[in-house]
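Fold and contact review
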Amino acid sequence: MKKLTLLMFGLIQAFAYSQTQDLTSLASGKNIGMNALFDTKDHLYGYISIYSYGKTDKKTQKFEYVILDKNLNPVANKEFDAGLLVSGYFGYVDFKGQIILRPSDFNYSQVFAKDAATPVSMVIDPRTNTVAPKIYYDYQEDGTFREISQPKSWKEERKENRSEKKEKGYNYVSAVGEIKEGGYIALEYNDYGKYINKNSLIKFDENKKEIWRYRYNTDGDKKVFSDFTIIDKDENQIYGILKKVNNDSKSFSLLVIDMKTGKELSNKPITGLSPDTLQSIDHFYSEDKSLDNDRTFDDKIVLVGRNFESEKLKGFARMMINKSDFTVDLKTVSYKPDYVPFIKNIASDGGVENNYFLLTRDMYLMSDGSAGILAEKFKYSGQYNVPKTTDLVYMYTDKDFKVKEVQVFEKEKSKWVNSDYLFSQYLNDGKDVVFFFRDYQKDQVTKEKKWNLFINTVIDGKFKQEIIPISEKDNYVVTPYVAKEGYILLREYNEKEKFNKIRLERLNY
């Protein structure tokens, strides 16, 4: 294979443009995955394709990455070694501009190996096209840092944890992360098994010298404790939700900590929503674990979650935090009455016809405070609890979180498929959104089933849909991927024929 030169995105993108790319020709290894890369502002950076070369010895295997710019030009590649537990990687761009390859798939035959340990991520430096294992830091109970290049085996960790628990009655737990604002943030606590306490949030400078320490949940037990979730941070403040539990009672407050001193700037109670609703906003749960329910803009933080009344699901709630004065604005949307003008038979808990219910698939939070929530009609049925899905339902609001419209997209029933929804992309610097889904439909003339790609845009609060037929010929599988704004990436794949091509298609919205 011809080796590629160093990564020079700016020059290559300025003078070259490619509409198609054959992934099989980029490396001699087996292609095991590809994903889009986004920068920290959610702008498309490019793509990374991963290749496997198999085992090189009893403990090592070889991989190769190939980086493509957003026009599909290959701009860098490198081989690297890893342990046998890893079978795939997912790439992302960190705040330093480095590309991180996080282990995403595992060879489960290696899980019970004697020396099995948590695999480390790989770090690609785009300036030099070098790759190395990620260095982690461990903060010790005695106040010292320890550099970790290779984690201990799970067997060793279990043995040490049992010994520590026997000696102290608890396990000391810490997590350290480098932050874009400079230095490091660590979280520490004592884990007694059924409860934790003595939590601290600690800020360190670039030399890992402690600057400040914020303590909470000092005497927590099984019934009375506190929990702090960071929802945003910048050069001046750390914003989070502090939950206090006292038996069956829960209370929440907006806790703002000075980034430079660690002092409380605000600790105002959040009221007006049920504890279950605030818990939902704090830790939103979805079938899609990648679903993101919060976004941060220059002057505000916006979060959305499910709204509950008397522990019963009623709809959705939005929390908007003003970063200048720490005020909190709360709004709700209810299935009844807000959805009724559009879906007459909807129940107050989101149930619809034939025992289907609305399962949230994605959320879109715009810079003006408006929001879109995409759901799919979903149910389990039959002896084996087979998942079935039908129509997609998209609700979007105005900036005051009042329902503007609910669109119902009728589509054929799908069995054994979690969702026909594909992905979404913000447009125009976060003011608008486009989302994609597909549906297999029977041709009225040929009676053959083919699938259509549905492109849905909400621009300036106005909804528009475009339908594109996608043909699958010669047993090729066609899979859509996110692309640069105004385009979609289609991957045509046939493993037997080693056909693995991607192409950019311009959209008409």
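Structural notes, computed from the coordinates. Only a predicted model underlies this, so the values are computations on that prediction, with no experimental measurement involved. (Residues numbered from 1 in each chain as written. Predicted model: local features only at pLDDT ≥ 70, side-chain atom pairs only at ≥ 80, totals over all residues. Heavy atoms only, no water.)

On to the layout of surface pockets. When its volume is computed, the second largest pocket comes out at roughly 480 Å³. Lining of the second largest pocket is provided by 21 residues; of these, Lys-59, Gly-83, Leu-84, Leu-85 and Gln-150 occupy positions nearest its centre. At the level of elements, strand S5 (74–83) and strand S6 (86–93) are the ones that each hand at least two residues to the lining of the second largest pocket. Tallied by class, residues from the lining of the second largest pocket come to 12 nonpolar, five polar and four charged. (1 Å grid on protein atoms, 1.4 Å probe; cavity = no way out; pocket = protein on both sides within 12 Å on 5 of 7 lines; lining within 4 Å. Points joined across faces, edges and corners; volume = space filled by probe spheres on them. Helix = DSSP H or I, 4+ residues; strand = E, 2+ residues; numbered from the N terminus. Nonpolar A, V, L, I, M, F, W, Y, C, P; charged D, E, K, R; others polar.)

What follows is about the nonpolar core. Ranked by size, the top nonpolar core spans 29 residues in total, and within it Tyr-47, Leu-68, Leu-72, Phe-436, Leu-453, Leu-489 and Ile-502 carry the most contacts. The greatest single-element share of this core, amounting to four residues, is contributed by strand S34 (residues 487–494). Counting 23 residues, the second-largest nonpolar core is a separate cluster that includes Leu-313, Leu-365, Ala-371 and Val-393. (Core = buried A, V, L, I, M, F, W, Y, C linked by side-chain atoms within 4.5 Å. Buried < 20%, exposed > 50% of the residue type's maximum accessible area, 1.4 Å probe, protein only.)

Another point: the sheet that holds strand S8 (residues 122–125). The strand order across the open sheet formed by four strands is S6-S7-S8-S9, and the pairing between neighbours is antiparallel. Every other strand in the sheet has two partners, leaving S6 and strand S9 (130–133) as the edge strands with one partner each. Neighbour-to-neighbour, the strand axes of this sheet turn through a mean angle of 30°, independent of strand direction. Both S6 and strand S7 (residues 99–106) contribute to a ladder of seven bridges, which runs antiparallel. Residue pairing in the sheet places Phe-90 in a bridge with Arg-102 of S7. (Pairing = 2+ DSSP bridges. Axes fitted to C-alpha atoms, helices over the stretch in contact; angles between N-to-C directions.)

Moving on, we get to unusual backbone geometry. Phi is mostly negative for residues that are not glycine, and the peptide bonds are mostly trans. Pro-337 follows Lys-336 through a cis peptide bond whose omega is 15°. With respect to the element layout, Pro-337 can be found in helix H4 (residues 335–339). Positioned with a positive phi, Asn-129 is a non-glycine residue whose angle comes to about 55°. In this structure, Asn-129 sits in the loop between S8 and S9. The phi dihedral of Asn-247 falls on the positive side, at around 60°, and the residue is not glycine. Its location among the elements puts Asn-247 in the loop between strand S17 (237–246) and strand S18 (249–258). Residue Asn-247 is classed as partly exposed on the basis of its relative accessible area, which comes to 46%.

The next point concerns the environment of Asp-391. By the element assignment, Asp-391 lies in strand S26 (residues 386–397). On a C-alpha basis, the gap between Asp-391 and Pro-480 in space is 20 Å, while along the polypeptide they are 89 residues apart. Apart from residues no more than four positions distant in its own chain, Asp-391 is found in contact with Ala-375, Glu-376, Lys-377, Val-408, Phe-409, Glu-410 and Lys-411. Reaching out from Asp-391, the side chain makes a polar contact with the backbone nitrogen of Lys-411 at a distance of 3.1 Å. (Contact = heavy atoms within 4.5 Å. Polar contact = N/O pair within 3.5 Å; in protein donor to acceptor, adjacent residues only side chain to side chain.)

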